[in-house]
Structures are given as structure tokens and as C-alpha cells.
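Results of the structural survey
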Amino acid sequence: MRALVVGADRVRPICAELEQTSPLGVTCTECWSGRQPGDARRPLPADTRVVVVLCDRVNHNLLFSVRRQAEGRGVPVVYCRHSLVDVRAKIARLVVADAERRERTGEVRRRA
């Protein structure tokens, strides 16, 4: 599963955090700084399963474009500050909400 981090230049700790969160299942992260004029027109990668938007570093056009594309595909978007603590908290909420959704819909995987 791929994660997309939007809105910052130095995101190695955030990418490492996403890849280490085992319930999320992220194996690869892609980062868009948002500084290039064409970033707002870039399509989301096809295998993206979660988008992390660092709100204090992104412009409105890029935010609107990413949000619209993610909602069209049903990909969850996490909005947070450029802070590892904030990213951890928001990802934890996403994992809990996904587990609750799976439990309600009966998608709970049974272990053998």
C-alpha cells in the first residue's frame, strides 16, 4: 500500500512513521512538496491508500485538488500540522476508525 505526503520538503521522519505503523500497512511513501506550479495538476498515484496533508505548508489549490481526487477514489485524507506527534495521533485515529468500520460492515479478518 502506498501513502502520499503532501506539503513539505523534509518528511523523512513522517514517512518512516507511516511505514512503521503496522496496522496501516504502508510499504511505500511518495512526497509532494507543493512548491512546483504543476503539483496541483498531478494525479494521485493509482495505488495510493492514504493521503497525509501537512496543512501549514500547502497552498489552497493543491489542497483542493488532492482532496477532490481522494474523495473521488474513496481514499482517506489525514490533515495535520508538520509535526510528528500530530501525525502519530491522526494516524492512530485513522486506524481505530478503519477497524470500527470493518467491524460494523463484517470485514473483520479471522486469524486461523
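Residues numbered from 1 in each chain as written. Predicted model: local features only at pLDDT ≥ 70, side-chain atom pairs only at ≥ 80, totals over all residues. Heavy atoms only, no water.

**Comments concerning the overall build of the protein**
Basically, it comes down to this: A helix here means a DSSP run of H or I that spans at least four residues, while a strand means a run of E at least two residues long, and both kinds are numbered starting from the N terminus. To get the radius of gyration, use the C-alpha atoms; to get the globule rule, take the number of residues to the power 0.38 and multiply by 2.2 Å. Categorising residues by exposure relies on relative accessible area from a 1.4 Å probe, with only protein chains included: less than 20% of the type maximum marks a residue as buried, more than 50% marks it as exposed, and the intermediate range marks it as partly exposed. The contact criterion used throughout is that any non-hydrogen atoms of two residues lie within 4.5 Å. To be clear on the numbers: accessible area is Shrake-Rupley with a 1.4 Å probe, and residue cover counts the displayed protein chains and nothing else.
Within the protein one finds three helices and four strands. The N-to-C order of helical and strand elements in the protein reads β-α-β-β-α-β-α. Taken against the 2.2 N^0.38 rule, which gives 13 Å for 112 residues, the C-alpha radius of gyration of the protein at 14 Å falls within 12% of a compact globule. C-alpha atoms of the protein, sized along the principal axes, occupy 50 × 30 × 20 Å. Within the protein, the fraction of its 112 residues that count as buried is 37%. Taking contacts inside the protein between residues at least 6 apart in sequence as the whole, the part at least 24 apart equals 69%. With the model as given, the accessible surface of the protein reaches about 7300 Å², and the carbon-plus-sulfur share is 49%.

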